[in-house]
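Examination of the molecular architecture
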Amino acid sequence: MRPSLLTLLGLIGIVALLAAGSLVWLVLSQPVAVADAVSSGQYEPLLAVLADRVGDLFRALARLL
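Conventions and cut-offs
- Residues numbered from 1 in each chain as written.
- Predicted model: local features only at pLDDT ≥ 70, side-chain atom pairs only at ≥ 80, totals over all residues.
- Heavy atoms only, no water.
- Salt bridge = Lys/Arg side-chain N within 4 Å of Asp/Glu carboxyl O.
- Helix = DSSP H or I, 4+ residues; strand = E, 2+ residues; numbered from the N terminus.
- Buried < 20%, exposed > 50% of the residue type's maximum accessible area, 1.4 Å probe, protein only.

Taken as a whole, this structure holds one salt bridge when the rule is applied. Note that Asp 56 and Arg 59 form a salt bridge whose closest N and O atoms lie 2.4 Å from each other. Remark: Arg 59 and Asp 56 occur in helix 3 (residues 44–64); sequence separation between them is three residues, near one turn of the helix. You can call Asp 56 partly exposed: its relative accessible area is 29%. Judged by relative accessible area, Arg 59 falls into the partly exposed class, the value being 45%.

Quick look at the structure:
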């Protein structure tokens, strides 16, 4: 495999890991909100919270670097 393909696959893996970790965190920290969103089929509030958390993570990384 070419190194650029491995880099792309690694980046996709990292994004998937962050998304999965964020979803697990959301289920553990706000189970009622997750259950309401799943039962009603409205996922926008969950996506907004996840986007906010990922943004916080990137801001923290930017401050660290």
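Now, onward.
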